[in-house]
Amino acid sequence: MQGLGRGGTAALRIRAAGAVLLVAHLLIVGWLTLRPRTVPWVPAANLRPLATIRAELAHGPWEAVQSLGGAVLLLAPLGILLPMAAGRLNVSPLGSLTRTVFTGAMVSLGIELLQAGVPGRVFDVDMVLLNTTGVVLAHLLVVPGWRSRLRRREDTPARPTPTMARVHIAPQADALSGSRTYL
């Protein structure tokens, strides 16, 4: 059976690992965000962009970082796992960022819409913005460097074929690999 070219099995392993980690992450996020909460009071849904962020910033910078940081970090791994599951090395950085951000925003919007039907949870447009910001930051911080490193590793030539001294030709077994039989 022939291989998939240089790095073919490594690329398949990266894709498989990315897909498994992506599914595991989404299951954990779903479990964290779609569980009913028992609370005595639930605020109204927030449909005004930046209203929740402004309210949290009014409490002070440390409290804002604590409460809003979780929303930024919740879906941030999607910025890395989505390109990893796709497994493309030679792709436009802008196209990759666009696809990843759109998918992250749609996942966040889907979670927020599903939360509207869960007791104790409400829709908040700012959470969609914060989750998408986390996806963008993770993608920009990791994916371009990771892809260039993998491309460099793929482009480095294998060790050169050994040649005979002074003649500079490859031995017959390497040059005509199908001509010899070993019994």
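Here, the structure is the one placed above.
Per chain, residue numbering runs from 1 following the sequence as it is written. The predicted origin of the model limits local features to residues at a pLDDT of at least 70 and limits the giving and counting of side-chain atom pairs to 80 or more, whereas totals for whole chains, interfaces and linings rest on all residues. The side-chain figures draw on all heavy atoms in the structure; neither hydrogens nor water molecules are used.

A. Spotlight on the overall build of the chain. Put simply, DSSP H or I for four residues or longer makes a helix, DSSP E for two residues or longer makes a strand, and each gets a number counted from the N terminus. For the chain, the count of helices and strands is seven helices and zero strands. Accessibility here uses a 1.4 Å probe with only protein chains present; expressed as a share of the type maximum, an area under 20% marks a residue as buried, one over 50% as exposed, and anything in between as partly exposed. The buried share of the chain, reckoned over its 183 residues, is 29%. Only the protein chains shown count as covering a residue, and every accessible area follows the Shrake-Rupley method with a 1.4 Å probe. When the accessible surface of the chain is summed, it comes to about 12,500 Å², and 67% of that surface belongs to carbon and sulfur atoms.

B. Quick look at a nonpolar patch on the surface. Each patch groups residues whose relative accessible area exceeds 30% and which form no salt bridge, using 9 Å between like charges and 5 Å between nonpolar side chains of Val, Leu, Ile, Met, Phe, Trp and Tyr. When a carboxyl oxygen of Asp or Glu is within 4 Å of a side-chain nitrogen of Lys or Arg, the pair counts as a salt bridge. Together, Ile28, Trp31 and Leu32 line one region of the surface with nonpolar side chains, adding up to about 320 Å² of accessible area. Residue classification places leucine 32 among the partly exposed residues on the basis of a relative accessible area of 36%.

C. Here's a closer look at the packing of aromatic side chains. When the centres of two rings from Phe, Tyr and Trp lie within 6.5 Å, Trp using its six-membered ring, the rings pair. Their planes under 30 degrees apart give stacked, over 60 give edge-to-face, and anything left gives tilted. Here the structure, examined in full by the defined rule, presents zero aromatic pairs. Only Lys NZ and Arg CZ are tested; either one counts as a charge over a ring when it is within 6 Å of the ring centre and within 35 degrees of the ring normal. Of note, arginine 35 hangs over the ring of tryptophan 31, and the distance from its end group to the ring centre comes to 4.2 Å.

D. Spatial organisation of the side chain of asparagine 46. By the secondary structure assignment, asparagine 46 is in the loop between α1 (8-33) and α2 (51-58). For asparagine 46, a relative accessible area of 11% gives the class buried. Polar contact is defined as a pair of N or O atoms within 3.5 Å, subject to the rule that within protein one atom must be able to donate a hydrogen and the other to accept it, and that residues adjacent in sequence are counted only when both atoms are side-chain atoms. Looking at asparagine 46, its side chain comes within polar contact range of the side chain of threonine 52, at 2.9 Å. In this structure, asparagine 46 is in contact with Ala51, Thr52, Phe123, Asp124, Val125 and Asp126, ignoring residues within four places of it in sequence. Contact definition: two residues touch when any of their heavy atoms are within 4.5 Å.

E. Main features of the packing of α2 against helix α6 (residues 125-155). Where α2 meets α6, the axes come as close as 7 Å, and the angle between the chain directions of the two elements is 85°. Classed by the angle they form, the pair α2 and α6 counts as roughly perpendicular. Packed against α2, whose contacting residues are Ala51, Thr52 and Ile53, the element α6 presents Asp126, Met127 and Leu130 at the interface. In the contact of α2 with α6, the residues fall into four nonpolar, one polar and one charged. Orientation is described by lines fitted to C-alpha atoms, with helices fitted over the stretch in contact, and by angles between N-to-C directions that extend from 0 to 180 degrees. Geometric relationships in this document are graded by angle, where less than 35 degrees denotes roughly parallel, more than 145 denotes roughly antiparallel, 65 to 115 denotes roughly perpendicular, and other angles denote oblique. In this classification, the charged set is Asp, Glu, Lys and Arg, the nonpolar set is Ala, Val, Leu, Ile, Met, Phe, Trp, Tyr, Cys and Pro, and all remaining amino acids, among them Gly, are polar.

F. Region of interest: the packing of helix α4 (residues 78-86) against helix α5 (residues 93-115). It is at 10 Å that the axes of α4 and α5 come closest, and there the two elements cross at 120°. When the axis of α4 is compared with that of α5, the two are oblique. Crossing angle aside, the handedness with which α4 passes α5 is right-handed. For the pair formed by α4 and α5, the contact residues are Leu78, Gly79, Leu82 and Pro83 on the first element and Ser96, Thr100, Thr103, Gly104 and Val107 on the second. Partitioned by chemical class, the residues of the contact of α4 with α5 number four nonpolar, five polar and no charged. In this scheme, a crossing is called left-handed if the near helix is turned counterclockwise away from the far one by less than a right angle; it is called right-handed if the turn is clockwise.

G. Broad picture of α2. Buried within α2 we find Ala51, Thr52 and Ile53. Along its buried surface, α2 packs onto α3 (61-74) and α6. Once α2 finishes, glycine 60 follows within two positions and takes phi at roughly 125°, a positive value.

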